[in-house]
Amino acid sequence: MAAYLQWRRFVFFDKELVKEPLGNDGAAPAAAPASGPAASKFLCLPPGITVCDSGRGSLVFGDMEGQIWFLPRSLQLTGFQAYKLRVTHLYQLKQHNILASVGEDEEGINPLVKIWNLEKRDGGNPLCTRIFPAIPGTEPTVVSCLTVHENLNFMAIGFTDGSVTLNKGDITRDRHSKTQILHKGNYPVTGLAFRQAGKTTHLFVVTTENVQSYIVSGKDYPRVELDTHGCGLRCSALSDPSQDLQFIVAGDECVYLYQPDERGPCFAFEGHKLIAHWFRGYLVIVSRDRKVSPKSEFTSRDSQSSDKQILNIYDLCNKFIAYSAVFEDVVDVLAEWGSLYVLTRDGRVHALQEKDTQTKLEMLFKKNLFEMAINLAKSQHLDSDGLAQIFMQYGDHLYSKGNHDGAVQQYIRTIGKLEPSYVIRKFLDAQRIHNLTAYLQTLHRQSLANADHTTLLLNCYTKLKDSSKLEEFIKTKSESEVHFDVETAIKVLRQAGYYSHALYLAENHAHHEWYLKIQLEDIKNYQEALRYIGKLPFEQAESNMKRYGKILMHHIPEQTTQLLKGLCTDYQPSLEGRGDREVPGCRANSEEFIPIFANNPRELKAFLEHMSEVQPDSPQGIYDTLLELRLQNWAHEKDPQVKEKLHAEAISLLKSGRFCDVFDKALVLCQMHDFQDGVLYLYEQGKLFQQIMHYHMQHEQYRQVVAVCERHGEQEPSLWEQALSYFARKEEDCKEYVAAVLKHIENKNLMPPLLVVQTLAHNSTATLSVIRDYLVQKLQKQSQQIAQDELRVRRYREETTRIRQEIQELKASPKIFQKTKCSICNSALELPSVHFLCGHSFHQHCFESYSESDADCPTCLPENRKVMDMIRAQEQKRDLHDQFQHQVGVSAWITAPLAEQITGALAASLLLTEDRRPTVLILLSSSPAAQVLQRQLLCDCGLLWPRCFQQIDSPDRPSHGQAHCKPGGWVAAGPAHALQEGHLSSLWGEV
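- Per an unreviewed UniProt entry, the protein is named Vacuolar protein sorting-associated protein 11 homolog, and its organism is Ailuropoda melanoleuca.
- You can read under Function (unreviewed entry) in the UniProt record for the protein the words "Plays a role in vesicle-mediated protein trafficking to lysosomal compartments including the endocytic membrane transport and autophagic pathways. Believed to act as a core component of the putative HOPS and CORVET endosomal tethering complexes."
- In its Sequence similarities (unreviewed entry) section, the UniProt record describing the protein reads: "Belongs to the VPS11 family."

Here you go:
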């Protein structure tokens, strides 16, 4: 039996007869209806067709009359007279609209080659660009075959005498083309074909007895003889790239495929081959069973019998026959418009339309030829989704037949396209767990598994007790080889009790939390867990100590404390964790680890003291906690010696200066634990002198009250007043302490004598002897001060009189300048010179160099400027009413701000004018500000204002000095709120 008969036969093509067109609508050639109103005649070609070809959207025919016919897709047949006698060969280029033909214009053996440009016209016919004789020499011979390279640079013509001519150059022009004999032989040439591989061009030459190849892109045209078997005319073809552009030679016994340098595979297709053609990956062969020698092809074409001829379409890749049909007397087979067209001697054209891929696959599915369907889909370049569908159907078929191993292999090929749950459900039976395992393994290797798939696979391993497969699955060499969710695998292994495998995964894939969970919760290996944390990088070590620190502290407190000390100072992972690399030291926030020591005060104290010693800039929380811990220990300690030691430690910590910013917190801690020394120290550091005073007052510590006033009275003078009030309220004898307080009040002039008397009046035990010395000394100092003030006033008045006299003399008398030296350079005065009324004289150049103004004396200018600045300042203050009102509002007594304002205003007025007199209401009291005012204001009678007018507490008009004084107002004293509320007239009368 022939080898091809062993190949399966299919009907992958639809056979139709091409009909004549109903109209010029450009429709594709189609079969004619059998009957009906739409029926039309079958297309019939002109008689005498001798040669055919196709390309550029048309079927091309040549006949015995010398005409060339074109049948386009519209089936409108056109033609033109190309030769006078006959057309013997045609070659239509596929990439250019160029047609090469061989024919005869006269009787005899004189074939002509004509090159036609189908895009250009010459009198309605295609333009013939070149005509030249086909015979290379003078000996007549018949042309047997023709081929043209698609780049238009090569054309080869084969002859019956065994010779081959090669036209090299532009074949469309005479002057750019060169013709030479490439091959000479004894056997007729039956086929030619060009093959382009990169920059190398090969020419296959086949005769009735051999096959050869030439390299025509070089100079010497090297030849390689490929085989000693030939073929008949039209029994050779060049395959497409799917078969690597192999040259196909169809002999009577076999069909051979050739590379340019060797013979390829062969196929035993029996029968006498008439036509060989290549179409879209298929080999089309027309043959008849009656064996005829190939040489008969050249004897008489009419002698061919009209035996039935078989057309077979072979799929060489998939090893099946795509179509097989019987025809009568086939002229040629052409390929155009995506279909095959078979021309028969009766002029009919049969169209073979290939079925679509899905139809062909369905035909294969019906016959359960899934392997063949898969191969066909791949050769047809079906997409991955289509292939997956085939694999699924094939798997379903094998599964239904009970071939579970084969089925799972097909299902594996659907991974990535088919939902895994579809397959998994089929193999959930315990008897098919091996197949399920194989599928899940492949799913993980392709990194398409989710957490559920990983769980299922690990459960399969554990059910099978296959530790080797389990270790192989989890023990990958690198992170890139992991094809599963590591966290899910750890969970499953932990649940199944495979702790060692789970620990391996957790450690190798840096799942530190899971590793520590297993060690601490399942294995209870606290030492190993702590060791593992110690080799982690800083960030992981810190986070895991915060998470598991309490558990570790409960079971291994000393080792845990030691690790925390290192973590919070200069953490370095253990050598096992960092290898040979030097890791820069890091430190964690020690305050965040304090809660870990909740039930371990001894370790907490050691940790806190270590941090305060090694790291002085530790967070404030460290020192706060350490203080609280020391105070607790001090409060609960019974041993006096130990208690004293703890007391010293607490005081030392308070004095370390770490509680300046958290003063309140430290104070609360000391008060909570009744640590009085610490409270007093913090009061003093916080300058809460009032609190210190109240503390000693509550404990009736009189000496300490006076001591506090002595230490801090300079900073807060009111302490002495409070001390005096405190002692005044005491009924027991406190004369010693009252005397000490009064002495200081007198030295610093802190209180008016009247206020002192009023304060001591509350004490029923105090006698006049307590303040007698104080009052006497106070009055003596007042008298001395008054005498000094009167002396200063007389001196100021004399100076004022002298200055006024000088001013009057300057206005009324001439000024004689007798200075002989310059007041700047101290040299002899020379003209030109500058003189001032003040008595200073200058060289003009010295004056211009040093003076700042032409009107001011450079020598007197600094002193004058001081006076003027003081005047301007006082003028500005005189207009600042809002500021004055504010000072009055916040003052307990109005005398201080008022005295300041009046003093400034009077000083400015006295300096500015001669006749103006102060006419301001003077409010006097015994306050220090009033005393200052008394020393600054003068009356025209020469007495101080307070002496000229009586100091009274009622609005009665005074009588003293009334005859020679010009009083400008009333003199009185009163509280500030009375003035602010508008009761001035009711208190002191009219201004």
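**A closer look at the nonpolar core**
- Within the largest apolar cluster, 152 residues are counted, with the highest numbers of intra-cluster contacts made by L311, I313, Y439, L654 and F727.
- Element by element, the count of residues in this core is highest for helix α17 (residues 620-636), at 7 residues.
- Sequence-distant contacts of L311, defined by excluding residues within four places in its chain, comprise V284, I285, V286, Y323, S324, A325, F327, V333, V342 and L352.
- Core analysis: the second largest hydrophobic core is formed by 26 residues, L226, C231, L257 and L316 among them.

**Comments concerning the UniProt feature "coiled-coil region" (unreviewed entry) in the protein**
- When the UniProt feature table is mapped onto this chain, "coiled-coil region" (unreviewed entry) is found at residues 779-813.
- Note that residues 779-813 is 97% helix and 0% strand, and that its end C-alpha atoms are spaced 51 Å apart.

**Remarks on the environment of D170**
- With respect to the secondary-structure elements, D170 resides in the loop between β13 (164-169) and β14 (177-183).
- Looking at D170, the relative accessible area reads 23%, which means it is partly exposed.
- Residues D170 and L152 lie 18 residues apart in sequence; the distance between their C-alpha atoms is 5.9 Å.
- When sequence neighbours within four positions are dropped, the list of residues in contact with D170 reads R130, L152, N153, H176 and S177.
- Within the structure, D170 has its side chain in polar contact with the side chain of T172 (distance 2.7 Å).

**Quick notes on the packing of aromatic side chains**
- Enumeration over the complete set of coordinates arrives at 29 aromatic pairs.
- Here F842 and F847 contribute two aromatic rings whose centre-to-centre distance is 6.3 Å and whose plane-to-plane angle is 40°, an arrangement assigned as tilted. Pair check on accessibility: F842 and F847 agree, each one buried.
- In this structure an aromatic cluster arises from ring pairing among W7, F267, F269 and Y314.
- In this structure, K15 is placed above the aromatic ring of F327, and the distance from its NZ or CZ to the ring centre is 4.2 Å.
- Positioned over the ring face of F132 is R130, at 4.1 Å from the centre of the ring.

**Some details on the pairing of strand β15 (residues 189-197)**
- Counted residue by residue, β15 has 7 buried out of 9 residues, so it is predominantly covered.
- Here 8 bridges tie β15 to strand β16 (residues 200-207), and the two strands are oriented antiparallel to one another. Residue pairing across strands places G191 opposite V206, the latter belonging to β16.

About the thresholds
Residue positions are given per chain, counted from 1 along the sequence in the order it is written. Per-residue local features are limited, in this predicted model, to residues with pLDDT of at least 70; the limit for side-chain atom pairs, both in listing and counting, is 80 or more; totals at the level of whole chains, interfaces and linings are taken over all residues. Values shown for side chains rest on all heavy atoms present in the structure; no hydrogens or waters enter the calculation. UniProt positions are given in the numbering used here, feature names are shortened, and annotations may be inferred rather than shown by experiment. To form a nonpolar core, buried Ala, Val, Leu, Ile, Met, Phe, Trp, Tyr and Cys residues must be joined to one another through side-chain atoms within 4.5 Å. Only protein chains enter the accessibility calculation, which uses a 1.4 Å probe; a residue whose area is less than 20% of its type maximum is buried, one above 50% is exposed, and one in between is partly exposed. Only runs of H or I of at least four residues qualify as helices and only runs of E of at least two qualify as strands under DSSP, and these elements are numbered from the N terminus. The contact rule is simple, with two residues in contact once any of their heavy atoms fall within 4.5 Å. As used in this structure description, the phrase polar contact means that two N or O atoms lie within 3.5 Å; if the pair is within protein, one of them must be able to donate a hydrogen and the other to accept it, and residues adjacent in sequence are counted only when both atoms belong to side chains. Here the aromatic set is Phe, Tyr and Trp, taking the six-membered ring for Trp, and pairing holds for ring centres within 6.5 Å; pairs whose planes are under 30 degrees apart are stacked, those over 60 apart are edge-to-face, and all others are tilted. Counted as over-ring charges are cases with an Arg CZ or a Lys NZ within 6 Å of the ring centre that also lie within 35 degrees of the ring normal. DSSP bridges decide pairing: two strands pair if at least two such bridges lie between them.

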